[in-house]
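# Reading the structure
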Amino acid sequence: ELILVVVPSHAFRPVLETVRRTLKQVNAIVWASKGFEAPQRLLHQVVEEIYGAEIDYAVLSGPTFALEVARGLPTAVTIASPSTKFATQLAHCLHNDHFRAYTSTDVIGVEVGGAVKNILAIGAGIADGLGFGANTRAALITRGLAEIIRLGLALGAESETFMGLTGLGDLVLTCTDNLSRNRRFGIAIAQGQTQTQALNSIGQVVEGIQTAKAVHELAQKLNIEMPITEQVFQVLYKGKAPRDAVSELFLRELKPEHL
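Residues numbered from 1 in each chain as written. Predicted model: local features only at pLDDT ≥ 70, side-chain atom pairs only at ≥ 80, totals over all residues. Heavy atoms only, no water.

As a further point, take the packing of aromatic side chains. One pass over the structure, following the stated rule, counts three aromatic pairs. Ring geometry for Phe-233 against Tyr-237: centres 5.2 Å apart, planes inclined by 25°, an arrangement best described as stacked. Within this pair, Phe-233 and its partner Tyr-237 are both found in helix 11 (residues 227–238), separated by four residues, close to a single helical turn. Its relative accessible area of 7% is what places Phe-233 among the buried residues. Within the aromatic cluster, the residues linked to one another by ring pairs are Phe-12, Trp-31 and Tyr-57. (Phe/Tyr/Trp six-rings, centres within 6.5 Å; stacked < 30°, edge-to-face > 60°. Helix = DSSP H or I, 4+ residues; strand = E, 2+ residues; numbered from the N terminus. Buried < 20%, exposed > 50% of the residue type's maximum accessible area, 1.4 Å probe, protein only.)

Here it is as structure tokens:
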């Protein structure tokens, strides 16, 4: 009755296409994948392209390290769907005494928050790997949230979403704890490892690498200022020195905070 897809974003379409060929009827799809499909497609757009907009679908996201969920540690998530009824049904299916599910209709906002935070976690890892300290990390998280909001609003999201679990919550988690693959990747890059070396040492997919390219291109297309994302892209794809990237962020032209 329900397909739950939990794969890296670059595998999302192939898995859905396989499901479509394998199962004659699919009534509903939920995914916990966080990222964009190259070049700049949100995952709900992929679902609608393969199954049509009339199918029930939802995205499950939030500050959720899988290891802690598996251990039964208290965790809260957001389930976003165009259908409030479907989101509520899912919340009841997944909810228990250590896993709390909230509902939302802002699919775009939940997807954007879950994807872009991975880029910022790489940036936070780079800053920490360079030994820049807690002040730098706090500034990066706060200004990174501003970038998420700018992009989300441009794509049609609701600003309130980014103050919740799938915005601020997931961003803080991914930027501050070493269970975060993206953060560990950033630390490794700052300490002089190549991307291949860093990926081999982590041994898992680092979603922020592909997402950095997709979001960088999307920001340029929409003429949105995302300076942290830009510098992470420069480090990953243009060979920029991590220390130079952080310095450039702090040497940018002064401006009011809330612009």
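Having put the structure on the table, let's press on.
On to the sheet that holds strand 3 (residues 56–61), then. Strand order in this open sheet of five strands is 1-2-3-4-5, and the pairing throughout is mixed. For this open sheet the edge positions go to strand 1 (3–5) and strand 5 (99–104), each flanked by a neighbour on one side alone. Between one strand axis and the next, the sheet turns through 25° on average, direction left out of account. Where helix 4 (residues 84–94) meets the sheet, it contacts strand 2 (28–31), strand 3, strand 4 (75–80) and strand 5, and its direction lies at approximately 180° from that of strand 5. Against the sheet, helix 7 (residues 165–176) touches strand 3, strand 4 and strand 5, its axis set at about 140° to strand 4. (Pairing = 2+ DSSP bridges. Axes fitted to C-alpha atoms, helices over the stretch in contact; angles between N-to-C directions. Contact = heavy atoms within 4.5 Å.)

Neither face of strand 2 is open: one carries Ala-28 and Val-30, the other Ile-29 and Trp-31, and all of them are buried. Pairing of strand 1 with strand 2 involves three bridges; the strand directions are parallel. Residue Leu-4 lies in a different strand from strand 2, and its bridge partner there is Val-30. A crossover connection joins strand 1 to the parallel strand 2 through helix 1 (residues 12–22); in handedness this β-α-β unit is right-handed. In this view, the connection linking strand 2 to its parallel neighbour strand 3 by way of helix 2 (residues 43–51) has right-handed handedness. (Right-handed = clockwise from strand over helix to strand, strands pointing away.)

Let us now look at the pairing of strand 3. Extensive coverage of strand 3 is indicated by the burial of five of its six residues. As paired elements, strand 2 and strand 3 share four bridges and run parallel to each other. Bridge pairing links Ala-28 to Asp-56 in strand 3. Where strand 3 and strand 4 come together, three bridges link them in antiparallel fashion. Bridged to Val-59 within strand 4 is Ala-80.

Structurally, the position occupied by Leu-43 is in helix 2. Once you skip the residues sitting within four places of it in the chain, Leu-43 turns out to touch Ser-9, Phe-12, Trp-31, Ser-33, Gly-35, Phe-36, Glu-37 and Glu-111.

Turning our attention to the nonpolar core. If you look at the biggest cluster of nonpolar residues, it comprises 42 residues, and the most contacted ones within it are Val-116, Ile-122, Leu-151 and Phe-185. Residue assignment for this core shows that the elements contributing at least two residues are helix 5 (107–129), helix 6 (133–155), helix 7, helix 8 (181–190), helix 9 (195–202), helix 10 (207–222), helix 11 and helix 12 (242–250). With residues near it in sequence (within four places) discarded, Leu-151 still touches Val-112, Val-116, Val-215, Leu-218, Leu-222, Ile-224 and Met-226. (Core = buried A, V, L, I, M, F, W, Y, C linked by side-chain atoms within 4.5 Å.)

Viewed as axis vectors pointing N to C, helix 6 and helix 7 meet at an angle of 140°, and their least axial separation amounts to 10 Å. By the criterion of interaxial angle, the relationship of helix 6 to helix 7 is oblique. In terms of crossing hand, the pair formed by helix 6 and helix 7 is right-handed. Residues Arg-137, Ile-141, Gly-144, Leu-145 and Ile-148 of helix 6 form the contact with helix 7, whose participating residues are Leu-168, Leu-171, Val-172, Cys-175 and Thr-176. Classifying every residue of the contact of helix 6 with helix 7 by side-chain character gives seven nonpolar, two polar and one charged. (Parallel < 35°, antiparallel > 145°, perpendicular 65-115°, else oblique. Left-handed = near helix turned anticlockwise from the far one by under 90°. Nonpolar A, V, L, I, M, F, W, Y, C, P; charged D, E, K, R; others polar.)

Looking at the protein chain as a whole, the pLDDT averages 95, with 100% of positions reaching at least 70. Looking at the elements of the protein chain, mean pLDDT is at its lowest for helix 12, recorded as 90, and at its highest for strand 4, recorded as 98. (pLDDT = per-residue confidence, 0-100.)

As a further point, take helix 7. For helix 7, every residue scored as buried is listed here: Thr-166, Gly-167, Asp-170, Leu-171, Thr-174 and Cys-175. Seen from one end, helix 7 has its buried residues packed into an arc of 115°, which puts them on one side. The inward-facing, buried residues of helix 7 contact strand 3, strand 4, helix 5, helix 6 and helix 8. (Arc of directions from axis to C-beta.)

Our focus in this paragraph is the pattern of salt bridges. One side chain can pair with another of opposite charge once the charged atoms of both are near each other. The full count for this structure, using the stated rule, is 13 salt bridges. Across the pair Arg-41 and Glu-49 runs a salt bridge whose closest N-O atoms are separated by 2.6 Å. Looking at Arg-41, the relative accessible area reads 28%, which means it is partly exposed. For Lys-117, the salt bridge is made with Asp-170, and the minimal N-O distance between the two is 3.7 Å. Of this pair, Lys-117 sits in helix 5 while Asp-170 sits in helix 7, placing them 53 residues apart in sequence. Taken together, the shared-partner salt bridges in this structure form one network comprising Arg-13, Glu-17, Glu-37, Arg-41 and Glu-49. (Salt bridge = Lys/Arg side-chain N within 4 Å of Asp/Glu carboxyl O.)

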